[in-house]
Amino acid sequence: MTRSTQMFRLVAALFAVALLSLGLVACDQSRADVPMQGPRDLARVAPEEVGMSSDRLARLDDAMQGLVDESLLSGITTMISRHGKIAHFGTFGHQNIEGGVEMGEDTIFRIYSMTKPITGVALMILYEEGKFRLSDPVHRYIPEFEGLVVAKEDGPNGQPITEPADHPMTIRELMAHTAGLSYGIFSQSQVDTLYNEANVLDNDSTLKDMIDKLSKIPLRQQPGSMWHYSVAVDVQGYLVEVLSGQRFDEFLNERLFGPLGMNDTAFHVAADKADRFAQVYTHDEDGNLAAQEGFGGRRNYLEPPNFLSGGGGLVSTTMDYMRFSQMLLNGGELDGVRILAPSTVKLMHLNHLPRELKEMSPGTGFGLDFAVVLDPVAADGISKGEYYWGGAAGTWFWIDPKEDLVFVGMIQHFGPRRPDVRSLSRRLTYQAILEPAS
C-alpha cells in the first residue's frame, strides 16, 4: 500500500467520523425537539411541560366564565390533554342554579350522541375477535333486516312507493351513517313520519323491539347513496348484543368502562351519585336560563332504562370521557389496559364514505362513528386527521393526533340561543400551543 493510499484512507476515515459526529449532534438536537415522553397516564402537569402556555390558556378560562356571567350557559367544564398529560381542567358556573350547586370536576352529564363513539369501540372489540367483517351484510346477524325495501317516492295514504335495495346494507355503512336509515327528526319524508308513528326509539321498549319496528319500515334512501344521520348506532348496540351474547350494558361495563376506570359512565345515574347530576337548561322567551329536560322529559335518568340506546343513552363525566378519548389517541391503550389494537383505532378514523360521496360536509368525512377532518381549510379546522363528535345538550370533544391533543367539553343546554362554545373553545385551545408536536 502506497503512502498516498494510506493518507487517503486516513482522511476518509476522519471525514466519516466527522459526519457521524454531526449526525449524532443532529439526532440529539432532534430529540430535544420531541415532545415530552413518558407515561401517557393523564397526570396533571403545568401547561408549559407539554408545550402550552398558562397565560394563553387563561383566555380559555376567561371566555368560558364570560359565557356563564352573561347567562348564556349555566355551567361548563373544559379539559385538555397533551402528550398524555392533563394540561387544563376548568369548571365554570353551576351544575344546578336553583340548588346553588357549583359545577364540579365530577359532575355527571347527559352525553347523548357522544355515546356513539363508545358504541363504535364496543363493536370494534368484537371485530378484532373475528366476529364480523365490515363488508358483511347486516342481515347476516340481524335476519329481520333481510329484504328491506327502499322508499322511491311518496305514495298514497302516507305509505311510500318502494323499490328493492340495490344491495343489502353493510356493517360499514351502518357505522358510517350511509345504511339508508333515518332518525325521524332531522328530515321530512314519509319514512320519517313512519319512524315517529312507530316510536322507534321508545324508552319503554327494548333494542329488539326497535329492530322489529325498523324491519317493517322502508329505508329512506338506497344504502351507500348518501350520509344521513340515523338510528344506525342504536342498531349497532343491538348488534353488540347479538355478537357477544350479552346485554349491551353488561358488555360495556365488562369490556370498556371497568377496564378503563370509567366509573361514572352508565345508562342511568345511581342514587348515591344523584347529587352530582347536572340540570339541563334552555332560554325562555325573555332570554333567561330556565331548567328544562331535553326531548320533552321522556327519559328519567335516575332509573335504569329498558332501552339501552347506543346512539344517545349514556351519562358520563368529563374525566371519564377523557379517559376514553385518551385511550384512542394512545392507539387503543390506557394505563396498561389495551382495548383495541393501534391498527383498529386508525381504521376507525379513516374516511369510510363511498368515493362518490367523499364528504359529509365541506372538508369533513366520516369514519366508524366519528367525523374526520379531511381538509382543515374547508372544514374550518386546524389539523388534518382530527376526529370528533358531540351531543344534543352541547357536549363536545375532539382528538387531534397531529398535535397529540384531546379536548373534552361539557355543558347541558338546549335551544337556538345556545352559544357556539365549540368553535370558541377550539380557537382558544390552539392559540395556547407554543410548541407544535410535529
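Quick look at the structure, then. Sequence positions are assigned chain by chain, starting from 1 and proceeding in written order. The predicted origin of the model limits local features to residues at a pLDDT of at least 70 and limits the giving and counting of side-chain atom pairs to 80 or more, whereas totals for whole chains, interfaces and linings rest on all residues. Hydrogens and waters are ignored; side-chain quantities use all the structure's heavy atoms.

Things to note about the packing of aromatic side chains
- By convention, a stacked pair of Phe, Tyr or Trp rings (six-membered ring in the case of Trp) has centres within 6.5 Å and planes under 30 degrees apart, an edge-to-face pair has planes over 60 apart, and any other such pair is tilted. A full pass over the atoms with the stated rule returns 23 aromatic pairs.
- Taking 6.5 Å as the distance between ring centres and 65° as the angle between the ring planes, the aromatic pair formed by Trp227 and Trp389 counts as edge-to-face. On the criterion of sequence distance, the pair formed by Trp227 in the loop between α6 (207–214) and α7 (232–244) and Trp389 in strand β14 (residues 387–390) is long-range, its members being 162 residues apart.
- Only protein chains enter the area calculation, which uses a 1.4 Å probe; residues under 20% of their type maximum are buried, those over 50% are exposed, and those in between are partly exposed. Owing to a relative accessible area of 14%, Trp389 belongs among the buried residues under this scheme. What counts as a helix is a DSSP run of H or I of at least four residues, what counts as a strand is a run of E of at least two, and both are numbered from the N terminus.

Regarding the sheet that holds strand β16 (residues 405–410)
- Should DSSP find at least two bridges between two strands, the strands are regarded as paired. What the eight strands build is an open sheet, ordered β3-β2-β1-β16-β15-β14-β13-β12; its pairing is antiparallel. Each end of this open sheet is capped by a strand with a single partner; those strands are β3 (101–102) and β12 (364–366).
- The sheet contact formed by β12 and strand β13 (residues 371–373) spans three bridges and is antiparallel. Looking at β13, one finds that Phe366 is bridged to Ala371.

Points about helix α9 (residues 318–329)
- For a helix, the expected span equals 1.5 Å multiplied by the number of residues minus one. The first and last C-alpha atoms of α9 sit 16 Å apart over twelve residues, in line with the 16 Å expected at 1.5 Å per residue.
- For α9, the tally of buried residues reaches eleven of twelve residues, placing the bulk of the element in the interior.
- Just downstream of α9 lies Gly331, where phi reads positive at about 85°.

Details of the pairing of strand β15 (residues 396–400)
- For β15, the tally of buried residues reaches five of five residues, placing the bulk of the element in the interior.
- Going residue by residue along β15, you find Trp396, Trp398 and Asp400 tucked away on one face and Phe397 and Ile399 tucked away on the opposite face as well.
- With four bridges connecting them, β14 and β15 associate as antiparallel partners. The residue bridging Trp389 from the neighbouring strand is Phe397, located in β15.
- The pairing of β15 with β16 spans five bridges and is classified as antiparallel. In the strand pairing of β16, Asp400 is matched with Leu405.

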